[in-house]
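One letter stands for each residue in the lines below.
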Amino acid sequence: MTDKPLRVDFDLLDRQIVDLDGYLVGKVDDIEFGTAADGRPVVAAILVGHHALGRRIGGVLGRWMAAVARRLHTTGDPQPLRIPFERVAKIGSALWLDVRHELLDTPALELWLRDNVIGRIPGASDAGQ
Amino acid sequence: MKRFLAVTLGILTAIGGFVDIGDLVANGETGARFGMRLAWVVVVGVLGICLYAEMSGRVAAVSGRPVFDLVRERLGARVALANLAGSYLVTLLTLSAEIGGVALAIQLATSVHYLLWVPIAAFVLWVVLWKVKFEPMERVFGLAGLALVVFVVALIALDPPWGQLGDQIANPVPPATEDWATYGFFAVALFAAAMTPYEVFFFSSGGVEEKWTRRDLVISRVNVFIGFPLGGVLSLAVMGCAAVVYEPLGVHVDTLGQTALPVAMAVGKLGLVVVILGFFAATFGAALETGLSAGYTVAQYFGWQWGKLVRPRQAARFHTVVLISVLLGVALLLTTADPIAITEYSLVFSAVALPLTYLPILIVANDRDYLGDHVNSPFTNVLGVTYLVIILVVAVAAVPLMIVTGMGS
């Protein structure tokens, strides 16, 4: 990262998140702030998921998006994916993480579609190019 | 050979923009009603799409980010959602029309009603989208679409009064039989078809699928500057053939068969075979382009894993969007909606999608965080801003002109 000040709205929000292998994890849908020891606010985590996005979009559409996301869950406790800011290795045209996506929770929609729709079609596990 | 084949992405992208089912008929209709008096719009459109496709290809090659990533990142979640709605609807309506177009092309060859071919065409399309790797797909349909070069051959074989066609090109005003409103409507339709947003979605995402890097900037540029002008030439040849054969007779062109007829007259049976093959390849190629673009836009807006580089089960949401889009396209056709009219209606949604797609490309093409030293030159920026103004005018004018002229009738 350069010495240029990091602007949350310009450099973080809505950027693509990429894992160590180049897998696309999601977008920076929202930011969680924390407080440093000296009382300054700092970026604590990035939030990924339709709940976070829906809240940020607001209005009827946003509420609807968040409500759908709340119903699509596998654990009984639907929360956006929370990635601690320390896991972000580099910020540029995307946010590169220093972990693999397998270590993060797979979004419920992806999981459900994989198990019930796409995974059942012959050839779903064939390697890409 | 490999170097020669590297341009097929540009060719396939351009075919989807310039000679898909809507344009094949619309270019025929334009030629029949206006002669070559609207040819200049195609040239303006080719320049515009070259300009912006080059920028999007450059961003994709240097930063690895396709166009809809830029849209979301620069316009924010809310405005990008409006663009997503508009772009997705344009893409979906065009996808539906292309499936119909594939079926119409088979109808020309078999005389079996096109609606019977729609489910079969859609199934084969989906299997290709599911199974076939990106590069062979792009090569087969990009190259087969070149069969439409037969329109150029036909135009020369018709031995038209070149001087008269030249006069029409040089005098861009409506003929005595048409008014300025219909002239404007057809100009807007031709321009919007040339700059249709799924071209840059497909082109930049295709670059990412082909793993372009900084070293592939030349390949990206060659794709742009060969593919799109070629698409423009094909589109002008279709227009020219109709201008020569139909305009003097005052015949109205509104079917695919009529678009093909001048080729049959000039080149004979063999020409007809080639032209039907070309129709099939071009509409099928455009269907692949729009089917994938539908998935690309939604997945890139939400940040989902997309593309044909990974196993389908690793991109389950992306493949679900593609599958649902194909099914929606088929459902729309089975209401017996006219495939050719569908593409004209997609113009309405272009009004939202066009400016909101090209503005973020222009902004990011100037961003050193993305491009380093490869940012736009001042000359490119002057052209880019000029085209953005044209795009805005077209976007604002599209809907009123459509209503005033009753879709140009």
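Residues numbered from 1 in each chain as written. Chains lettered and ligands numbered in written order. Predicted model: local features only at pLDDT ≥ 70, side-chain atom pairs only at ≥ 80, totals over all residues. Heavy atoms only, no water.

## Quick notes on the overall build of chain A
And then number 1: Helix and strand counts for chain A come out as four helices and seven strands.
And then number 2: Going residue by residue from the N terminus, the α and β elements of chain A occur as α-β-β-β-β-α-α-β-β-β-α.
And then number 3: By principal-axis analysis of the C-alpha atoms, chain A measures approximately 55 × 40 × 25 Å.
And then number 4: Counting only contacts in chain A whose residues sit at least 6 apart along the sequence, the fraction spanning at least 24 positions is 47%.
And then number 5: Accessible surface computed for chain A: about 7,200 Å², of which carbon and sulfur atoms make up 55%.
And then number 6: Averaging the locations of the 16 positively and 18 negatively charged side chains of chain A gives two centres separated by 5 Å. (Helix = DSSP H or I, 4+ residues; strand = E, 2+ residues; numbered from the N terminus. Contact = heavy atoms within 4.5 Å. Areas by Shrake-Rupley, 256 points an atom, 1.4 Å probe, with all protein chains shown as cover. Lys, Arg positive; Asp, Glu negative; His and termini not counted. Charge placed at Lys NZ, Arg CZ, Asp CG, Glu CD.)

## Concerning the sheet that holds strand β4 (residues 41-48) of chain A
Residue and element names in this part refer to chain A.
And then number 1: Read from one edge of the open sheet, three strands run β3-β4-β5, paired in antiparallel fashion. Looking along the sheet, the strands with just one partner apiece sit at the ends: β3 (30-35) and β5 (81-84). Along the sheet, successive strands turn relative to each other by an average axial angle of 35 degrees, direction set aside.
And then number 2: Here β4 runs beside β5; their pairing, made up of four bridges, is antiparallel. The residue of β5 that forms the bridge with A45 is P84. (Pairing = 2+ DSSP bridges. Axes fitted to C-alpha atoms, helices over the stretch in contact; angles between N-to-C directions.)

## Points about the confidence of the model for chain B
And then number 1: Of the residues in chain B, 100% reach a pLDDT of 70 or more, and the chain-wide mean stands at 93.
And then number 2: Element-level pLDDT for chain B is lowest in helix α1 (residues 2-5) of chain B, with a mean of 73, against a maximum mean of 97 in helix α15 (residues 316-334) of chain B. (pLDDT = per-residue confidence, 0-100.)

## Side note on the packing of aromatic side chains
Residues and elements named next belong to chain B.
And then number 1: As enumerated under the stated definition, the model contains 18 aromatic pairs over all chains in all.
And then number 2: Between F123 and W126 the ring centres are 6.4 Å apart and the planes differ by 35 degrees, which places this aromatic pair in the tilted class. Here F123 and its partner W126 are both found in helix α6 (residues 114-131), three residues apart, which amounts to about one turn of the helix.
And then number 3: You can call F123 exposed: its relative accessible area is 54%. (Phe/Tyr/Trp six-rings, centres within 6.5 Å; stacked < 30°, edge-to-face > 60°. Buried < 20%, exposed > 50% of the residue type's maximum accessible area, 1.4 Å probe, protein only.)

## A look at the environment of A6(B)
All names here are of chain B.
And then number 1: Mapped onto the secondary structure, A6 falls in the loop between α1 and α2 (8-18).
And then number 2: In sequence terms A6 and E135 are 129 residues apart; their C-alpha atoms lie 9.2 Å from each other.
And then number 3: Excluding residues that lie within four positions of it along the chain, A6 makes contacts with I219 and N223.

## Considerations on the pattern of salt bridges
And then number 1: For the structure on display, the rule yields 23 salt bridges over all chains.
And then number 2: The shortest N-O distance in the salt bridge between R72(B) and D29(A) comes to 2.7 Å. Of the two residues, R72(B) is situated in helix α5 (residues 67-110) and D29(A) in the loop between β2 (24-27) and β3; the pairing between them involves two chains.
And then number 3: Taking the relative accessible area as the measure of exposure, R72(B) reaches 0% and is therefore buried. (Salt bridge = Lys/Arg side-chain N within 4 Å of Asp/Glu carboxyl O.)

## Structural notes on unusual backbone geometry
All names here are of chain B.
And then number 1: Not every positive phi belongs to a glycine, and D159 is a case in point at roughly 45 degrees.
And then number 2: Here D159 shows up in the loop between α8 (150-157) and α9 (162-170).
And then number 3: Judged by relative accessible area, D159 falls into the exposed class, the value being 57%.

## What about the nonpolar core?
And then number 1: Counting residues in hydrophobic clusters, the biggest one holds 147 residues, and the most contacted among them are Y52(B), I99(B), L125(B), F151(B), F279(B), Y301(B) and Y358(B).
And then number 2: It is α5(B) that contributes the most residues to this core, 21 residues altogether.
And then number 3: In terms of nonpolar packing, the next biggest core, distinct from the first, is built from 18 residues, L81(A), L95(A), L97(A) and V99(A) among them. (Core = buried A, V, L, I, M, F, W, Y, C linked by side-chain atoms within 4.5 Å.)

## Quick word on the pairing of strand β6 (residues 88-91) of chain A
On a regular strand, one side chain projects to one face of the sheet and the next to the other, so that they alternate.
Residues and elements named next belong to chain A.
And then number 1: Relative to strand β7 (residues 95-97), β6 runs antiparallel, the two sharing three bridges. Following the sheet pairing, K90 is matched in β7 by W96.
And then number 2: Between β6 and β7, which pair antiparallel and follow one another directly, the connecting turn spans three residues.

## Some thoughts on the sheet that holds β6(A)
Residues and elements named next belong to chain A.
And then number 1: Overall, mixed pairing links the four strands, which are arranged β2-β1-β7-β6 in an open sheet. The sheet is open, and its two edges are formed by β2 and β6, each paired on a single side. Between one strand axis and the next, the sheet turns by 25 degrees as a mean value, whatever way the strands run.
And then number 2: Sheet topology places strand β1 (residues 16-18) next to β2; three bridges connect them, and they run antiparallel. Paired with V18 across the strands is L24, a residue of β2.

## Overview of the pairing of β4(A)
Residues and elements named next belong to chain A.
And then number 1: Taken together, the six bridges between β3 and β4 define a ladder with antiparallel strand orientation. Along β4, the bridge assignment pairs G34 with V42.
And then number 2: Count of turn residues in the β3/β4 antiparallel hairpin: five residues, of which G39 carries a positive phi of about 90 degrees.

## Quick notes on the interface of chain B and chain A
And then number 1: Each side of the interface is counted separately: chain B has 40 residues, and chain A has 39 residues.
And then number 2: Summed over both partners, the interface of chain B with chain A comes to about 3,600 Å²; 53% of that surface belongs to carbon and sulfur atoms.
And then number 3: Looking at the side of chain B facing chain A, the largest losses of area belong to R72(B), R313(B) and R317(B), adding up to 19% of the total buried there.
And then number 4: Scanning the region where chain B abuts chain A turns up six salt bridges.
And then number 5: A salt bridge links K27(A) to D69(B); its shortest N-O distance comes to 3.0 Å.
And then number 6: For the pair chain B and chain A, the number of links is 18 residue pairs in polar contact (both at pLDDT 80 or more). (Buried area = accessible area lost by both parts, 1.4 Å probe. Polar contact = N/O pair within 3.5 Å; in protein donor to acceptor, adjacent residues only side chain to side chain.)

## Focus on α6(B)
Residue and element names in this part refer to chain B.
And then number 1: The first and last C-alpha atoms of α6 sit 25 Å apart over 18 residues, in line with the 26 Å expected at 1.5 Å per residue.
And then number 2: By the burial criterion, the buried members of α6 are Y114, L115, V118, A121, A122, L125, W126, V128, L129 and W130.
And then number 3: Among the structural elements, α5, α7 (134-145), α14 (269-302), α15 and α16 (339-364) are those in contact with the buried residues of α6. (Expected span 1.5 Å × (residues − 1).)

## Overview of the packing of helix α2 (residues 50-57) of chain A against helix α3 (residues 59-71) of chain A
Helix packing geometry: the angle between the two helix axes and the distance between the axes.
Residues and elements named next belong to chain A.
And then number 1: Orientation of α2 relative to α3, taken along the N-to-C sense of each, is 165 degrees, at an axis distance of 7 Å. In terms of orientation, α2 lies roughly antiparallel with respect to α3. Relative to α3, α2 is oriented so that their crossing is left-handed. Here H50, H51, L53, G54, R55 and I57 of α2 lie close against α3, whose contacting residues are G59, G62, R63, M65, A66, A69 and R70.
And then number 2: Here the contact of α2 with α3 is composed, by residue class, of five nonpolar, five polar and three charged. (Parallel < 35°, antiparallel > 145°, perpendicular 65-115°, else oblique. Left-handed = near helix turned anticlockwise from the far one by under 90°. Nonpolar A, V, L, I, M, F, W, Y, C, P; charged D, E, K, R; others polar.)

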